[in-house]
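Listed here are the chains, written in short residue letters.
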Amino acid sequence: MDSVAGKYFAPGYESLEPRGRHVLFGAASYTPRGDLGKVWWSWEFWRSIVPKFLSRPKLDVQKMIGQNKAVLGFNLIWLTDG
């Protein structure tokens, strides 16, 4: 189970055995830091988030089938939606 993603995703995924499941329930490494009211207008925010976005893990679905591995993701915010 992974709530950070980022640089911690690949080692966790690579350590999976066949029939292994990597469950993502967050991506804290992509969460903005600082004053959230001003962060979207900040050049520093965009300068830090764009490289993270472009370097997100890319998975080969055909390879996953051959290795019998799975990645599952869900958003915890839907648990509070009532």
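Residues numbered from 1 in each chain as written. Predicted model: local features only at pLDDT ≥ 70, side-chain atom pairs only at ≥ 80, totals over all residues. Heavy atoms only, no water.

Draft legend 1. Region of the structure containing the overall build of the protein chain. A tally of regular secondary structure across the protein chain gives three helices and two strands. The order of helices and strands in the protein chain, counted from the N terminus, is α-β-α-α-β. Here the protein chain holds 82 residues, and the buried ones make up 22% of them. Sequence-distant contacts in the protein chain: of pairs separated by 6 or more residues, those separated by 24 or more amount to 58%. On the protein chain, roughly 6600 Å² of surface is accessible, and the fraction owed to carbon and sulfur atoms is 63%. (Helix = DSSP H or I, 4+ residues; strand = E, 2+ residues; numbered from the N terminus. Buried < 20%, exposed > 50% of the residue type's maximum accessible area, 1.4 Å probe, protein only. Contact = heavy atoms within 4.5 Å. Areas by Shrake-Rupley, 256 points an atom, 1.4 Å probe, with all protein chains shown as cover.)

Draft legend 2. Highlighting the side chain of Lys 69. Turning to its location among the elements, Lys 69 is positioned in the loop between α3 (61-67) and β2 (70-73). Here Lys 69 occupies a buried position and makes no salt bridge, while the nearest side chain of opposite charge, Glu 14, is found at 4.5 Å. (Lys, Arg positive; Asp, Glu negative; His and termini not counted. Salt bridge = Lys/Arg side-chain N within 4 Å of Asp/Glu carboxyl O.)

Draft legend 3. Fine view of the side chain of His 22. By secondary structure assignment, the location of His 22 is in strand β1 (residues 21-24). Leave out the neighbours within four places in its chain, and His 22 touches Asp 2, Phe 9, Gly 12, Tyr 13, Leu 16, Ala 70, Val 71 and Leu 72.

Draft legend 4. View of the environment of Ser 55. Within the secondary structure, Ser 55 is located in the loop between α2 (43-54) and α3. A relative accessible area of 54% places Ser 55 in the exposed class. A sequence separation of 48 residues divides Ser 55 from Lys 7, and the C-alpha atoms of the two residues are 9.4 Å apart. From its side chain, Ser 55 meets the backbone oxygen of Lys 52 in a polar contact 3.3 Å long. (Polar contact = N/O pair within 3.5 Å; in protein donor to acceptor, adjacent residues only side chain to side chain.)

Draft legend 5. Geometry of unusual backbone geometry. A positive phi is found at Arg 19, a non-glycine position, where the angle reads about 70°. A residue is classified by how much of its surface remains accessible, and Arg 19, at 61% relative accessible area, is exposed. The residue Asn 68 is not glycine, and still its phi comes out positive at about 55°. Its location among the elements puts Asn 68 in the loop between α3 and β2.

Draft legend 6. Examining the nonpolar core more closely. Among the nonpolar cores identified, the biggest contains six residues, and these are Ala 5, Phe 9, Tyr 13, Leu 16, Leu 24 and Met 64. Dropping the residues within four chain positions of it, Ala 5 is found in contact with Leu 24, Gly 26, Ala 27, Ser 29 and Tyr 30. (Core = buried A, V, L, I, M, F, W, Y, C linked by side-chain atoms within 4.5 Å.)

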